[in-house]
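Residue-level structure breakdown
Spelled out from the first residue to the last, the chains are:
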Amino acid sequence: MSAPLKTAVRSAMLRLLQPLARLLLKVGVGAGELQRLVHEAYVRAAQEMGREAGAIDRPNITQIAVQTGLS
């Protein structure tokens, strides 16, 4: 991804996340809980992308870790 595109994506993410963070803080959801949910969302997205790409087998832990950057 080019540097200008990455900068634009990061800026858009912050515009989306700030209102979400305000809502989560109001209902008592902390950053740690949000981080766990984000990790789960990344894993689910990687699994779906594997299925959409026509993977014959279920994606394994190693494949998902490589794709998401999560251990």
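Focus on the overall build of the chain
On a plain count of helices and strands, the chain comes out with three helices and zero strands. Ordering the α and β elements of the chain from the N terminus gives α-α-α. The C-alpha radius of gyration computed for the chain amounts to 15 Å, which surpasses the reference 11 Å derived for 71 residues by more than 25%, pointing to a less compact arrangement than a globule. Dimensions of the chain along its principal axes, counting C-alpha atoms only, are 45 × 30 × 20 Å. Per-residue burial for the chain yields a buried fraction of 10% across its 71 residues.

Description of the pattern of salt bridges
Applying the stated criterion across every chain yields a total of one salt bridge. The salt bridge partner of R44 is E40, with a shortest N-O separation of 2.4 Å. With R44 and E40 both in helix α2 (residues 31-52) and four residues apart, this pair spans about one turn of that helix.

Thoughts on the packing of α2 against helix α3 (residues 61-68)
Relative to each other, α2 and α3 sit at 110°, their axes nearing to 10 Å. Put simply, α2 runs roughly perpendicular to α3. The element α2 and its partner α3 pack so that their crossing is right-handed. In contact with Y42, V43, A46, Q47 and M49 of α2, α3 contributes I64, Q67 and T68.

Remarks on the confidence of the model for the chain
Looking at the chain, the pLDDT average stands at 89 and 96% of residues meet or exceed 70. Averaged pLDDT values for the elements of the chain fall to 82 in α3 and rise to 96 in helix α1 (residues 3-26).

Details of a nonpolar patch on the surface
A surface patch of nonpolar side chains, about 890 Å² in accessible area, is lined by M1, L5, V9, M13, L16, L17, L20, L23 and V27. Take L20: it is sitting in helix α1. A residue is classified by how much of its surface remains accessible, and L20, at 34% relative accessible area, is partly exposed.

Re α1
Relative to the 34 Å expected for 24 residues at 1.5 Å per residue, α1 spans 34 Å between its end C-alpha atoms, a close match to the ideal helical length. A positive phi of about 85° marks G28, the residue just after α1.

What counts as what
- Residues numbered from 1 in each chain as written.
- Predicted model: local features only at pLDDT ≥ 70, side-chain atom pairs only at ≥ 80, totals over all residues.
- Heavy atoms only, no water.
- Helix = DSSP H or I, 4+ residues; strand = E, 2+ residues; numbered from the N terminus.
- Rg over C-alpha atoms; globule rule 2.2 N^0.38 Å.
- Buried < 20%, exposed > 50% of the residue type's maximum accessible area, 1.4 Å probe, protein only.
- Salt bridge = Lys/Arg side-chain N within 4 Å of Asp/Glu carboxyl O.
- Axes fitted to C-alpha atoms, helices over the stretch in contact; angles between N-to-C directions.
- Parallel < 35°, antiparallel > 145°, perpendicular 65-115°, else oblique.
- Left-handed = near helix turned anticlockwise from the far one by under 90°.
- Contact = heavy atoms within 4.5 Å.
- pLDDT = per-residue confidence, 0-100.
- Patch = residues over 30% accessible without salt bridge, like charges linked within 9 Å, V, L, I, M, F, W, Y side chains within 5 Å.
- Areas by Shrake-Rupley, 256 points an atom, 1.4 Å probe, with all protein chains shown as cover.
- Expected span 1.5 Å × (residues − 1).

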